[in-house]
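Here are the chains, one letter per residue:
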Amino acid sequence: MVHSQKGNTGNTSLMDSLLGLLRIRVKRGINLAVRDVRSSDPYVVVKMGKQKLKTRVIKKDVNPEWNEDLTLSITDPNVPIKLTVYDHDTFSKDDKMGDAEFDIKSYIEALKMNLNGLPSGTIISRITPSRHNCLAEESCIFWNDGKVVQDLCLRLRNVECGEVEIQLQWIDLPGSKGL
């Protein structure tokens, strides 16, 4: 792998600007669009800035269960994260099956609170679906076994139907700038 040296002085600068890692558990898709004859072979791509990650393809399933973890390095919590569902096609370009965007600002705010001692399962905050987000239902940020977790159910845009359920978890990195 070749890394360009443009404006990058060694690895320290990344650690200096790295807040930590965001683990996105892509749980499942619900009622995804049919793109092949009767079904679809969906997979999810998550993008943030220059980072791009994807789940495995699940064959012939419009209600796929991925339960897969994708991990992004977070340097700027204000950059929205984009999730796109594609239908895998062997012989042609993969069809898009909708996309959604979410931001992690409220999640990062919750991480910064001092929550030690709270009972597991305590809801820290709720984000209501609105025209400004892609939430299909209320999203809860909660305290779970000493970790701040956010569950999101995203309604896909630019497609006739479909939702994707994801869960966010934060991973602190020793040596990073931190929150």
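Residues numbered from 1 in each chain as written. Predicted model: local features only at pLDDT ≥ 70, side-chain atom pairs only at ≥ 80, totals over all residues. Heavy atoms only, no water.

Enquirer: Quick question: what am I supposed to make of the sheet that holds strand β1 (residues 20-30) here?
Expert: In any sheet, the strands associate via hydrogen bonds between backbone groups, in a parallel or an antiparallel arrangement. Taken together, the six strands give an open sheet; going across it, the order is β4-β1-β10-β9-β8-β7, and neighbouring strands pair in antiparallel fashion. Looking at which strands have only one partner, the edges of the open sheet turn out to be β4 (65-74) and β7 (123-127). Each neighbouring strand pair of the sheet contributes to a mean axis angle of 20°, computed without reference to strand direction. As judged from the seven bridges shared by strand β9 (residues 147-155) and strand β10 (residues 163-171), these two strands associate in the antiparallel manner. Residue pairing in the sheet places L154 in a bridge with V164 of β10. (Pairing = 2+ DSSP bridges. Helix = DSSP H or I, 4+ residues; strand = E, 2+ residues; numbered from the N terminus. Axes fitted to C-alpha atoms, helices over the stretch in contact; angles between N-to-C directions.)

Enquirer: Quick question: what am I supposed to make of the packing of aromatic side chains here?
Expert: The final tally for this structure, using the stated rule, is one aromatic pair. Their ring planes at 20° and their centres at 5.6 Å tell us that Y43 and Y86 sit as a pair that is stacked. Here Y43, found in strand β2 (residues 42-48), pairs with Y86, found in strand β5 (residues 81-87); they are 43 residues apart in sequence, far enough to count as distant. Overall, Y43 belongs to the buried group, its relative accessible area being 8%. (Phe/Tyr/Trp six-rings, centres within 6.5 Å; stacked < 30°, edge-to-face > 60°. Buried < 20%, exposed > 50% of the residue type's maximum accessible area, 1.4 Å probe, protein only.)

Enquirer: I tried to follow the confidence of the model for the protein on my own but got confused; where do I start?
Expert: Per-residue pLDDT for the protein averages 92, and the proportion of residues at 70 or more is 93%. Across residues 2-9 the pLDDT falls below 50, and counting only partners more than four positions away or on other chains, this stretch makes one contact in the model. (pLDDT = per-residue confidence, 0-100. Contact = heavy atoms within 4.5 Å.)

Enquirer: What exactly am I supposed to notice about the environment of S176 here?
Expert: Summarising the element assignment, S176 is placed in the segment after β10. Sequence separation of S176 and L19 is 157 residues, and the distance between their C-alpha atoms is 6.1 Å. S176 has contacts with M15, L18, L19 and G20, leaving out every residue within four places of it along the chain.

Enquirer: For this particular structure, what's the right way to read the pattern of salt bridges?
Expert: For side chains bearing opposite charge, pairing can occur when the charged atoms are close. Summed over all chains, the structure comprises nine salt bridges. Notably, a salt bridge pairs R25 with D69, separated by 2.8 Å at the nearest N-O pair. Placement of the pair is R25 in strand β1 and D69 in strand β4, with a sequence separation of 44 residues. The salt bridge involving E160 is made with R35; its shortest N-O contact spans 3.0 Å. Taken together, the residues span a long stretch of sequence, with E160 in the loop between β9 and β10 and R35 in the loop between β1 and β2 at a distance of 125 residues. (Salt bridge = Lys/Arg side-chain N within 4 Å of Asp/Glu carboxyl O.)

Enquirer: Looking at this model, I keep getting lost on helix α2 (residues 105-112). Mind explaining?
Expert: A turn of α-helix holds 3.6 residues, and therefore any two residues three or four places apart point the same way. Those residues of α2 that sit buried are Y107, I108, A110 and L111. For α2, the angular spread of buried residues about the axis comes to 160°, placing them on one side. Turned more than 90 degrees away from the buried face of α2, the exposed residues are E109 and K112. In this fold, the buried residues of α2 make contact with β1, β7, β8 (139-144), β9 and β10. (Arc of directions from axis to C-beta.)

Enquirer: Looking at this model, I keep getting lost on unusual backbone geometry. Mind explaining?
Expert: Comment: phi is negative for the bulk of residues other than glycine, and the bulk of peptide bonds are trans. In the Ramachandran plot, N31 falls in the positive-phi region, its phi being about 50° despite a non-glycine side chain. Looking at where N31 falls in the secondary structure, it is placed in the loop between β1 and β2. For N158, which is not a glycine, the phi torsion comes out positive at approximately 60°. Residue placement: N158 occurs in the loop between β9 and β10. Relative accessible area serves as the criterion here: at 67%, N158 is assigned to the exposed category.

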